[in-house]
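Descriptive analysis of the structure
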Amino acid sequence: MAALPQFHSKTGSLISLSNNNRTAQRNQPTQEFNNGVVLSAEPLRDNQLFEVKIVKKVNSWSGSIEIGITTCNPDTLTLPLSATGLRDGTWVMSGTSVLRDGHTATEEYGRDLDQLKEGDRVGVMRNGQGEVHFYINGRDQGVATSSAQTPVWAVVDLYGKCSQVSIYDPGSPVMGNRITQMSQNVSAPVPLTCQIANDLANEFLTELSNQIANDLASARQSNEVREVVAAVVSSASTMSEPPVSIANTGNNSPNRPSERSIFNERLSPSSSNERLPFADRLSPNTPSERMAYNERLNILSSMTSSTHNALTFHERCGSLIKLSNGLRTAERRRPMEEFNNGVVMTSRPIRNDELFEIRLDRLVDKWSGSIEVGITTHNPAELDFPATMTNMRSRSGNRTIMMSGCGILTNGKGTRREYGQFNLDELTEGDRIGLIRNSEGCLHYFINGSDQGLAASNCPSPVWGVVDLYGMAVKVTILDRQDPSYPNNPPAPERRANSLFRHYPDLYDEEALEAKGEVTNQPRSALDCEVTTFPLPEEDEVEKLTFHPKCGSHAAVINHQRTAHRPNAINDFNNGVVMTSRPLRPGEMFEVRLDKMVNKWAGSIEIGVTLHTTQSLESSFPSTMTNIRSGTWMMTGNGVMHNGATVVDEYGHNLDRLKQVGDRVGVLRKPDGALHFYVNGVDQGIAASNVPENVYGVIDLYGQAAQATIIDPSDLLSSPEDSSVFIETDELKFHSMHGRNAAVINNGYTAIRTNDAGEFNDAIVMSSRGLRDNELFEVAIEKLVDRWSGSLEAAKLYAAGVTMVKPEDIDFPSTMTDIQFDTWMLSGAAIMQDGATIHNGYALDLDTITIGTRIGMMRCSDGTLHFFRDGVDQGAACTDIPAGVYAVVDLYGLCAQVSITGGSAVRAPDTQVVVTTAADTTEQSSSPSAMKTGTSHRFSSCCGKNVTLKNNNCTASRSQGFSKGIVFSSDPLKYDEVFEVRVDQMSSHWSGSLRIGLSTMAISDTTSPNQVPASADQITCKPTWIVSGSSVLRCGNIIKENYAPALERLQVGARVGIRRCTDGTMHLCLNGEDLGIAASNIPKNVFAVVDLYGEVEAVTISSSALVESFTSLLSLADDMIMSDRIVQDQDQDEDTSLSSGLCFHGNHGKNIMLSDGQRTARRTASYNQGVVVSSLPLPRNKLLEVQVEKQDPQWSGSLQVGVIGFPPDRLSFPGTATAIKKSAIVVQGQSVFVCGTKAKEHYGCDLSTVGCGRRLGVLVDSDSCLHVYIDGNDQGIAAKDVPQPCFALFDVYGQCTQITVVGVEEQCSQSAAGEGREKADLEDVVKEKAVVNRLLAFPSQSYKCEYFNVCGRLKASMGLPDGYFDPQQMLCFCESCHKQRGDDLYHKRGEPPKDYALPYGWCRYVLRPPSKAHALNVAEKWHTAYHGTRLDLVRRILDRGDLLSPSESGSVGSILLPEPHVYTEKSRPENLGGQPIFFSPTLRYAGSTDFCPKHRFMDPRTRKTYQGRVAYQVWVKPGSYKVGAQGQGSPTEDIAQQVDPHFHNSELAWSTKERGSLMLYALLLRVE
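Residues numbered from 1 in each chain as written. Predicted model: local features only at pLDDT ≥ 70, side-chain atom pairs only at ≥ 80, totals over all residues. Heavy atoms only, no water.

Overview of the overall build of the chain
Put simply, the test is: The helix and strand labels rest on DSSP assignments: H or I over at least four residues marks a helix, E over at least two residues marks a strand, and numbering proceeds from the N terminus. Only protein chains enter the accessibility calculation, which uses a 1.4 Å probe. A residue is then buried if its area is under 20% of the maximum for its type, exposed if over 50%, and partly exposed in between. What makes two residues a contact is simply this: any of their non-hydrogen atoms within 4.5 Å. In these tables, accessible area is a Shrake-Rupley quantity obtained with a 1.4 Å probe, and a residue counts as shielded only by the protein chains included in the view.
A tally of regular secondary structure across the chain gives 21 helices and 92 strands. Put simply, the chain has 1568 residues, and 53% of those count as buried. Taking contacts inside the chain between residues at least 6 apart in sequence as the whole, the part at least 24 apart equals 70%. Total accessible area on the chain is roughly 67400 Å²; 48% of this is exposed by carbon and sulfur atoms.

Describing the pattern of salt bridges
Convention followed: What counts as a salt bridge is simple: a side-chain nitrogen of Lys or Arg found within 4 Å of a carboxyl oxygen of Asp or Glu.
Considering all chains together, one arrives at 40 salt bridges under this definition. The closest approach of N and O atoms between Arg1059 and Asp1074, which form a salt bridge, is 3.3 Å. Taken together, the positions of Arg1059 in strand β64 (residues 1055-1060) and Asp1074 in strand β66 (residues 1073-1079) put the pair 15 residues apart, joining distant regions of the chain. There is no split in this pair, since Arg1059 and Asp1074 are both buried. Residue Arg1353 is joined to Asp1499 by a salt bridge in which the shortest nitrogen-to-oxygen separation is 2.7 Å. One end of the pair, Arg1353, is in helix α15 (residues 1346-1357); the other, Asp1499, is in the loop between β88 (1495-1498) and β89 (1505-1516), and 146 residues separate them in sequence. In this structure, Arg1353 and Asp1499 share a single accessibility class: buried. Each of Lys1494, Arg1509, Arg1566 and Glu1568 takes part in one network of salt bridges that share partners.

What to know about the packing of aromatic side chains
Condition: Side-chain rings of Phe, Tyr and Trp, where Trp is taken by its six-membered ring, are said to pair if the distance between their centres is within 6.5 Å; with planes under 30 degrees apart they count as stacked, over 60 as edge-to-face, and otherwise as tilted. For a lysine, the NZ atom is tested; for an arginine, the CZ atom; a charge sits over a ring if that atom is within 6 Å of the ring centre and within 35 degrees of the ring normal.
According to the stated counting rule, one finds 27 aromatic pairs in the structure shown. Both rings, one in Tyr1167 and one in Trp1195, keep their centres 5.5 Å apart while their planes meet at 40 degrees; by these two values the pair is tilted. Of this pair, Tyr1167 sits in the loop between β70 (1160-1163) and β71 (1171-1173) while Trp1195 is found in the loop between β72 (1182-1191) and β73 (1200-1204), placing the two residues 28 residues apart along the sequence. A residue is classified by how much of its surface remains accessible, and Tyr1167, at 27% relative accessible area, is partly exposed. Between the aromatic rings of Tyr1167 and Tyr1293, the centroid separation amounts to 5.9 Å while the plane-to-plane angle is 80 degrees, which identifies the pairing as edge-to-face. Separated by 126 residues along the polypeptide, Tyr1167 in the loop between β70 and β71 and Tyr1293 in the loop between β80 (1287-1291) and β81 (1296-1306) bring together distant segments of the chain. Taking relative accessible area as the criterion, Tyr1293 reaches 15% and is therefore assigned buried. Ring-pair connections join several aromatic residues into one group, and the members of that group are Phe33, Trp61 and Tyr159. Above the ring of Tyr1093, the side-chain terminus of Arg995 is found at 3.9 Å from the ring centroid.

Observations concerning the sheet that holds strand β59 (residues 977-986)
Let me state the cut-off plainly: At least two DSSP bridges between two strands are required for those strands to pair. Only the stretch in contact is used when a helix axis is fitted, and all axes are lines through C-alpha atoms; the angle between N-to-C directions ranges over 0 to 180 degrees.
Ordered in space as β56-β57-β68-β59-β64-β65-β66, the seven strands form an open sheet in which the pairing is antiparallel. Taken across any chain shown, the strands that pair with only one partner, and hence form the sheet edges, are β56 (947-950) and β66. On average, adjacent strands in this sheet sit at an angle of 25 degrees to one another, irrespective of strand direction. Inspection of the sheet shows β59 paired to β64 by six bridges, in the antiparallel sense. Bridging across to β64, Glu980 finds its partner in Gly1057.

Quick look at the pairing of strand β75 (residues 1231-1234)
Successive residues of a regular strand alternate their side chains across the two faces of the sheet. Sheet topology note: the strand β74 (residues 1224-1228)/β75 ladder contains four bridges and is antiparallel. Bridge pairing links Gln1228 to Ser1231 in β75. With three bridges joining them, β75 and strand β76 (residues 1237-1240) adopt antiparallel strand pairing. Paired with Val1232 across the strands is Lys1240, a residue of β76. The loop that links β75 with its antiparallel partner β76 comprises two residues; one of these, Cys1235, has a positive phi angle of about 55 degrees.

Regarding α15
In plain terms, the rule: Under the convention used throughout, the expected extent of a helix is 1.5 Å for every residue step, that is, one less than its residue count.
The first and last C-alpha atoms of α15 sit 17 Å apart over twelve residues, in line with the 16 Å expected at 1.5 Å per residue. Most of α15 sits inside the fold, with nine of its twelve residues counted as buried. Residues of α15 that are buried include every one of Phe1348, Asn1349, Val1350, Cys1351, Gly1352, Arg1353, Leu1354, Lys1355 and Ala1356, and no others. As for α15, its buried residues are in contact with β82 (1365-1372), β85 (1403-1407), β88, β89 and β92 (1558-1567). Looking one or two residues beyond α15, the residue adopting positive phi is Gly1359, at roughly 70 degrees.

A closer look at the sheet that holds strand β29 (residues 577-583)
Read across the sheet, six strands follow the order β29-β38-β31-β32-β33-β34 without closing on themselves; strand pairing throughout is antiparallel. Two strands lie at the open edges of the sheet, namely β29 and β34 (645-648), each paired on one side alone. Pairwise comparison of adjacent strand axes, ignoring direction, gives a mean angle of 25 degrees for this sheet.

Concerning the environment of Glu1346
Put simply, the rule reads: N or O atoms within 3.5 Å of each other form a polar contact, as long as, within protein, one can give a hydrogen and the other can take it, and as long as residues adjacent in sequence are counted only when both atoms are side-chain atoms.
Position of Glu1346 relative to the elements: it lies in helix α15. For the pair Glu1346 and Cys1374, spaced 28 residues apart in the sequence, the C-alpha separation amounts to 9.9 Å. At a separation of 3.1 Å, a polar atom in the side chain of Glu1346 contacts the side chain of Arg1353.

Topic: unusual backbone geometry
Note the cis peptide between Thr150 and Pro151, where omega equals 0 degrees. Position of Pro151 relative to the elements: it lies in the loop between β11 (139-145) and β12 (153-157). With an omega of 0 degrees, the peptide bond between Ser461 and Pro462 qualifies as cis. Even without being a glycine, Arg334 presents a positive backbone phi close to 45 degrees. Structurally, the position occupied by Arg334 is in the loop between β15 (329-332) and β16 (343-345). Not every positive phi belongs to a glycine, and Asn1071 is a case in point at roughly 55 degrees. Looking at the secondary structure, you find Asn1071 in the loop between β65 (1066-1070) and β66. We classify Asn1071 as partly exposed; its relative accessible area is 44%.

With respect to the pairing of strand β21 (residues 413-416)
In the sheet, strand β20 (residues 407-410) pairs with β21 via three bridges, with the strands oriented antiparallel. By the bridge assignment for β21, Ile408 is matched with Arg416. Between β20 and β21, which follow one another and run antiparallel, lie two residues, and Asn411 among them has a positive phi close to 55 degrees.

Topic: the environment of Ala1046
Counting through the fold element by element, Ala1046 comes out in the loop between β63 (1037-1040) and β64. Judged by its relative accessible area of 24%, Ala1046 is partly exposed. Ala1046 sits 19 residues away from Val1027 along the chain, and the two C-alpha atoms are 9.5 Å apart. If we skip the residues at most four places from it in the chain, Ala1046 touches Gly1029 and Ser1030.

Side note on the side chain of His1427
Looking at the secondary structure, you find His1427 in strand β86 (residues 1423-1429). Judged by relative accessible area, which is 8%, His1427 ranks as buried. Separated by 2.7 Å, the side chain of His1427 and the backbone oxygen of Phe1478 make a polar contact. In this view, His1427 contacts Leu1443, Ile1477, Phe1478, Phe1479, Ala1486, Ala1511 and Tyr1512; residues no more than four positions away in its chain are not counted.

Digging into the confidence of the model for the chain
The following threshold applies: Residue-level confidence of the predictor is summarised by pLDDT, bounded by 0 at the bottom and 100 at the top.
With 75% of its residues at a pLDDT of at least 70, the chain reaches an overall mean of 77. Of all the helices and strands in the chain, helix α13 (residues 929-932) carries the lowest mean pLDDT, 32, while strand β25 (residues 464-468) carries the highest, 95. Note that residues 489-541 has pLDDT below 50 and, in this model, 65 contacts with residues that lie over four places away or in other chains. Predicted confidence is poor over residues 909-935, with pLDDT under 50, and the contacts of this stretch with residues over four places away or in other chains come to 41 contacts.

Brief notes about the environment of His1423
As for its placement among the helices and strands, His1423 is situated in strand β86. Considered as a pair, His1423 and Val1514 are 91 residues apart in the sequence and their alpha carbons are 8.3 Å apart. When near neighbours in sequence (up to four residues on either side) are disregarded, His1423 contacts Arg1389, Gly1390, Glu1391, Pro1392, Pro1393, Lys1394, Val1514, Trp1515, Val1516, Pro1518 and Tyr1521. A distance of 2.6 Å separates a polar atom in the side chain of His1423 from the backbone oxygen of Pro1392. A distance of 2.7 Å separates a polar atom in the side chain of His1423 from a polar atom in the side chain of Tyr1521.

Shown next as C-alpha cells:
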C-alpha cells in the first residue's frame, strides 16, 4: 500500500505544518494574506488525485484557496508570495480561472473557489494523456489543460480567506477499498455513466459510514452494536457492487433485492406503529432524514429510470445561507446581525403544475419584513446572487415574480398591492407557503394549503423557485407531499387580521359570513370571538372594564385585574402590552392612571384600541403594540399610528413627557366611529375616523411607564402607597458600548480614541444612562493630537450633543452627525438636528477649545438644550428636546481623550447661570416657568425697528410710521402647525394691511435687527413666501393673484394664520378657515413672518403648538395646477437681457487678471487667490459656462464652481472659495460646501479631473436648486434653497490657471427622476435594503475612465483608512487621461529646480499633508521622487508617516540598492548610522516590476484578475540625498540600455539616511 501523501517541508514563510505534514496552517491569518504556498512532498503519479479539505477560513480578506500543479522541484525552488507567482510549467486554479505561469489561460473554468466554505474539498489530478483535471467536492470540473509535462508536484496556496487545509483522507474502509479497486482498474475503459454512478455511490457510502460511526459511539448495548454491524455489512454488500450493475441492470436479482426495495421496506407504513430495532432506526425516519436519504437513491436510480428527483435547494445561494438536511433546509447565518443576503433557489426548474412548498421553521423578532417567495428565469448556476431578490431587474429577457408582504412584485416593481388573504410578514413558525405555475403559465400561491388565487399570468418557462430569507425569516425547509409526515389534513388556516378587517361590513354581518361559508356549526373559535357583537346591556348590568390576564411576557395583571405593571421595570423596557377583557362600548372611556414610573428608559406609556383579541395574540404577543400591522390604532409620543405606520406626526400632548404619578391617559371611540385620545382629562381632538365597533382597549407599559390602573368613574381608586417614582442613583459614566475606535477606561470615567494617529473618527462614546432634567454632563479635554491639523474636515476637535437612541440600539457610525433621527449635536459652532444644520454661529465653538477646557451639556426641564464651557452657560441651543436623552461625545479629529468631571450633577431649576451670547454677556434665570407662561408660540426678539414686543413676546405693536414692522416666530414651524395672530389695533391713517407668510431666513433672538428689511416683500436673501392683499409673492415676485379675500378688509379681532403642511404646501387660514394652497415646494425649518404694515398696528398670538383642525380643504388640485402655471409664467417674464451681458465682476481675487472684455480670467501667481464672480445675477434656468483654457500640473486641485447670495462689490475675497462663510455654495472636487462647511460628498464627476478644453457651468432652476454641468451634462442637484438673486462663482484654483466665459444657454433642468416605485411603496414600514460600499463607488457621469475605476477598487480592497487621503485630489495618469489633459511628461520642482517624471500609467491618491508641510513650503521648495514598495508594506508606511529602510521592511535587499560605498573615518558622513532609503525621479526605474512586485488582484465588480503594483510619490529635501548610478535591479536587465530617455542611468538612484528629509505626498497604484 502506498504511503499517504504529505506536504513538502519547504513552505511559504507563514506556513506551519502539523499532523505528520498533512495539515498546513497560515500563521497570523487576520494580519497577512499571502506567503501561504505549500507543495506535495512527492511528484504526483498519473491519475493520482491530490485532494485537500478546507479546515479554517477568515473573513478579513478577499480571495481564497488556490490549487494546481507545477514542474518546479520544491527542493530547489524559491517560493513566491503566492502560487500565481510560480513559473516554468505551472497551472493554478484561482477563483473561476485557470492560470498558466501567472497568466490567465481560461477565464471561466469551473466552480468559484472563493465561494467554498469550511469542510469543502478541492483536488487536482494529471492523467496519463497529460490532461489536468480539477475537482471540487469530488466532482470533476473538466479538462483544464492537455499539455502538462511530467514530473509535476501539487501546489496549494493558503491565500486570503483560506487559513488552514488538510490532505483529505476518506477514513473509511469501504471508501479505501473502493479507491484501491478504482486505482487498480484505472486503465480499463469504464463507461461515463458507470463512472458517474460509481462516484455517487462512493459519496453515498462515505456519508453512510460516517453516520454509522457516530451511532456506534453512542450505542449503549452490545446487541445494538451487533445490529449496527449487521446493518453495515448489509448496506455495504448492497452498495459495493460494481457500478455497472447500477447503470445497466434493469431488474433486480431474485437473490438480492434492490436498494430501493430495501429502503422502501424500511419506510413502509406498516412498521410505523412498532418500535423498530436499532439497526432499522439507522434508516431515516424523520421527514428530513427520509427526504435526504431518498434523494440520493433517486439520483442513483435516475441513471436507468425516468423517476423525477425531488426538489432541493441549489448549492449556489446567498452569502449568508447555510444549507443542510440534504439541501432541503436553508438557514440564514447571523440572523441578529444581518437581515439580507439570504436568497436561495431550487436546484432545477419547477415543472408545470408542480407544487413548490416550504415551511417556516424559525423567525426572529428583530427586523421588519419577512420571507419572500416566487419564481425567476435566472439560472442559479450563473446568477450573481443579490442582497435581496427584489433587487433583481429585467435584463436579457429575464423575469422575476415575487410575493412580498401582501403584494406581488415583478422585476422589483409592484404589480399588485393587495393579493390574497394573508400577509407573508405576519406568518408564524410552522406556516407553509407554496406556489404552482400551471401549464397555461398562471402562477398561484398557497398559504397553509389554501389557494390565494391568480398572482400572475403569462409566466415564462423554465422557471426556478426562489426564496428570500429576509428580515424576520431565518430558516425554511422544502416540503414533499409524498412524505408520509406531510400534513395532508391541516387545520383550517386562520385568516390574518389585515385581511379580516379589509371589509368591515362583512365583518359584522353574520349572514354575509355564512354566505361565504365562513360561519359553521363548529365550536366558536378565536375568529368567531372577534366578530361577535355585544348588545348594550342595562346600565346597572354593565360589566366593569378590567385587564385581561393574558398579556405581554414582561407584564402582569394584579389588583383584581384592575392594575397592570412590569415587575422588573428596572431591567426591561418592553413586552408590556395589556388589553381589556372585553370590547369597549360606543362612547365608553378607557382611561388609566400612571402609578409607577422609572427614569431609566426613554419612551413611556402608549394607549389605543385594537380589533385583535388576546386569543389571536396569545402565541405571539408583540414586544410593542406598534409592531401590529393590522386593526390597531395607538397614540405613541405625540403622534398617532395606525397598523404600525404613523398617520399623524404632531397630534397632541407628548405622552413621553408624562412624568408625574397620577397623570391620566384615555381613549374613547364615539358612536360615529371617531377616535379621541385624552391626556389628564383634556380631549386631544379627532385622531381617526371610521374606526369599527368591538375594539378592545390596549395599553403598552413601555419605557418609563411601570404601572397603570384603570380609572372607573363610579369607583375611584387611590394611588397605592408605594407608587413612588423609581429614581436611579447610579453615577454618570461612559457606556460600555461605543464606536470601534474608542475605548472606555478609568472605571468608565475616561474615553480615548485608541488609534488617534491612524484614524480620526469612529470614536463615539455615550453616557451610561439618560440625563435627568437639569442634569449637567461635563467632560474635560485631556489630549489633543496634531496629526489631523492639516485637514479641513479632520481638524475639527470633536462634537457633543444628545440623542434619544440608546447605546444598545445604535449601530455606531463614523461620526455622530451621520445619525438622521432623534439626535441634536454641536459641531464647531453649528447646531445640527438629525444630521442637518439648523443654526450657525452658536456662542460656543468647539473648534476653539484647548486641553483643560470643560464642555458640558444639559437638558433643562423646559425642554431646551444648553451647552456649557468651563461652567458658563452658553444659552439655549435647541428647544423641544424630549426627556431621557443620552449625552454623546464624538472624539473626532484632534480630540483624543476626555474625562467626566465632578461638575456633572443635577442643578436646581432656579439656579442662576451665566448666559453668554454673541453680543454680550448677561445674567438670566433658567427657570422653566418663563417659557411656560401664555401660549407656546411667541415672537422672536429680532424684529423690525418700529416694533415693540410685550406679554412675553406674544404681542407685537408698531410704535411709529407705516413700515419696519416685521416680526418672526421664535422657532421654525412643525409640520401642519398653525401660527395664528389676532388683530388688536388698527389705524385708518395708512393704506395697506397686514402681510403674513413663511421664510427660510434663519432668525434667532440674537440676530441683529439691521438684517430685517423694512417690509416683508423685500426679504430676498432667502426664499420667502408672503401673502399680501389677495396675492402670493415669492422673494418679492408675484406668483399667484386673486388667491384670497384681500387682507386690507381685516378688522379688529380678525384671526390670520399660516401653516406649512406635510406635503410641502403653504396654507393661509382666515378666522379658522383654510383658504387652500397658497404656494408649494416649501422646504423644512421655515419661520412664520408677520409684517405689521399699513393699517394693522398691533397683533397678539392666538395659537399654540397643538395642531389645529381644518376641514375646508377645497379645490386643492386646482390650486396646485394654478400655482405651477403662474410660477412658470413668472419665470418666463424674467429679464432675459441679463444673459447677454454676463462677464466677470471687477472685484476678484488678488492673483486674477481679467481680459477680453472681462470674459477671461487668468491666475498670475501661486495656486490660490483666484476667485471670480459674475458681474450680474444669474437668471433662472440659464446656464453660465466657462471653458478651461490653461492648466499647470505642478499643483493639485482644480477649478471650483458655485454661487454666492450677495453682490460681490464689497467682498474681500479669501484664498479659496470654500473659505467664504456667508451665503455661498461651492463645489470642490466631488464635495459640496455650504457657507464653508462640507454638506455633501460624492457629488457628480470629480472636478479635479476636468482637463483643458472642457466646459463647466452652473445653473439655478425654478425650484431654487443649484446644478453643475460638465460639457453640457447635468451632474444633478448640488444644493437646494439657493438664495435669489445669486451670482455665479468660479475659483481658478490649483492646476486650473485660465478660464473664459463661453456663453449662456437656456436649459430645462429637472431633477433626476428616481427609479420606479419598488417594494417600499407597498409597505408602510420601509425595509432596510442593500448596503452600498462607498469605497467601491467612483461616480463619473460624463467622464468615465475604467482604468481609474479599477485602480480605485484595488485601493478599496486594501482596506486603507479614508482619513489618510484627500478625497478631492485623485488623478489618473493613464494614456487616455494623459492625452486629454495634454500633460508634459517631465517637470521641474524645488529650489534649486530638479527634473522629475510624471507617474505616467499610474493613478495617484494624494495624502493629507502633515501640519509641518505648509510651514516648510515643501510643495514649492522640495524635490519630487518615487519609491517602489510591496503591497504588505503600504499600511505600515502610512501609519508611520515615513518610508521604511530595507532592514525595517524585512526584505533581503533594497529594491533600489546601489553598490555599497566604502568610507574612511574622515569621509564618513555624520548622519550615517543605518541603511539608506532609496528612491528615484522616475517611475520607469522605481516602479519597474523588479522593484515593485506584482500582486494578484481580482476585480470584485468584473471578476477579472489583474496584477497590481504600488509606489509612493514623496517630497525630498534638497541637499539631503545623494544621486547614484543604476543599482543592482534585475540581474537580467541590460545596464547599457537607458531606462528613462530623460535621465541618464547614473542619475536614477537617489538615497538618504537623514530622517525627516522625506515627506509622503501620494500613493500610486498601477494595474495590468
